[in-house]
Amino acid sequence: FAGLFIMIGGLDELGLLRAIADTLSSLIARVPVGARQYAAILIIVWASCFISAFLDNVPFTSTMVPVLLQLVKDVPGLDIRPLAWALAFGACFGGNGTIIGGSANIVMSGKASAEGYHISFWSFLKVGMPCTLLSVAVAS
């Protein structure tokens, strides 16, 4: 668990977190002020969904928190609370999309294989991704 914070610190030192925040800031700042919050929510929920489908959602979410904080500082008209919810929902639902997206999926796959029931990446994806997309669409 401590390694997670070391990784985030390393990404910050490399400037990756700032680069992500700058990219998001410039994208969202182009949207009229009255629609910025909604645009930011949609971008964050959908981006975090797709990224979390292929990266474990805990390290991804932990890495994105400083990015959201910087985004709120850089772009007028944004409130952190709905953005935090968008990140949480997107990462959570995205983790259900693939067998590698969430720790529970990996554990379940290992247990199923030990009992003689192999679940491939593609067979999981065929069921998991439609459920994920529907969940994120409803959350949006």
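See above for the structure.
## Examining the overall build of the chain
Here comes step 1: Helix and strand counts for the chain come out as seven helices and zero strands.
Here comes step 2: Its helices and strands taken in sequence order, the chain reads α-α-α-α-α-α-α from the N to the C terminus.
Here comes step 3: Projected onto its principal axes, the C-alpha positions of the chain cover 55 × 35 × 20 Å.
Here comes step 4: Taking all 140 residues of the chain together, 36% fall into the buried category.
Here comes step 5: Considering only contacts in the chain between residues 6 or more positions apart, those separated by 24 or more positions represent 72%.
Here comes step 6: Total accessible area on the chain is roughly 7,900 Å²; 73% of this is exposed by carbon and sulfur atoms.
Here comes step 7: Taking the 7 positively charged and 7 negatively charged side chains of the chain as two groups, their mean positions are separated by 8 Å.

## Regarding the nonpolar core
Here comes step 1: In this structure, Ile44, Leu71, Leu78 and Leu83 are the most contacted members of the largest nonpolar core, which totals 20 residues.
Here comes step 2: Look past the residues within four positions of leucine 71 in its chain and what remains in contact with it is Ala21, Leu24, Ser25, Ile28, Ile44, Leu78 and Leu83.

## Looking at the environment of isoleucine 100
Here comes step 1: Here isoleucine 100 lies in the loop between helix H5 (80-94) and helix H6 (103-114).
Here comes step 2: Along the backbone, isoleucine 100 and tyrosine 38 are 62 residues apart, and their C-alpha atoms lie at a distance of 29 Å.
Here comes step 3: If near-sequence neighbours (up to four positions away) are discounted, isoleucine 100 is found in contact with Ala53, Phe54, Asp56, Ile106 and Phe121.

## A look at the packing of aromatic side chains
Here comes step 1: Enumeration over the complete set of coordinates arrives at five aromatic pairs.
Here comes step 2: With a centroid separation of 6.5 Å and an interplanar angle of 35°, the aromatic rings of phenylalanine 54 and phenylalanine 121 are classed as tilted. Here phenylalanine 121 lies in helix H7 (residues 121-139) and phenylalanine 54 lies in the loop between helix H3 (33-52) and helix H4 (57-74), a separation of 67 residues in the sequence.
Here comes step 3: For phenylalanine 54, a relative accessible area of 44% puts it in the partly exposed group.
Here comes step 4: According to the relative accessible area criterion, phenylalanine 121 is partly exposed, its value standing at 26%.
Here comes step 5: Each ring, one from phenylalanine 121 and one from tryptophan 122, has its centre 5.2 Å from the other, and the planes form 85°; the classification is edge-to-face.
Here comes step 6: Classification of tryptophan 122 by relative accessible area gives exposed; the value is 58%.
Here comes step 7: By the ring-pair criterion, three or more aromatic residues cluster together here, those being Phe54, Phe121 and Trp122.

Calculation criteria
- Residues numbered from 1 in each chain as written.
- Predicted model: local features only at pLDDT ≥ 70, side-chain atom pairs only at ≥ 80, totals over all residues.
- Heavy atoms only, no water.
- Helix = DSSP H or I, 4+ residues; strand = E, 2+ residues; numbered from the N terminus.
- Buried < 20%, exposed > 50% of the residue type's maximum accessible area, 1.4 Å probe, protein only.
- Contact = heavy atoms within 4.5 Å.
- Areas by Shrake-Rupley, 256 points an atom, 1.4 Å probe, with all protein chains shown as cover.
- Lys, Arg positive; Asp, Glu negative; His and termini not counted.
- Charge placed at Lys NZ, Arg CZ, Asp CG, Glu CD.
- Core = buried A, V, L, I, M, F, W, Y, C linked by side-chain atoms within 4.5 Å.
- Phe/Tyr/Trp six-rings, centres within 6.5 Å; stacked < 30°, edge-to-face > 60°.

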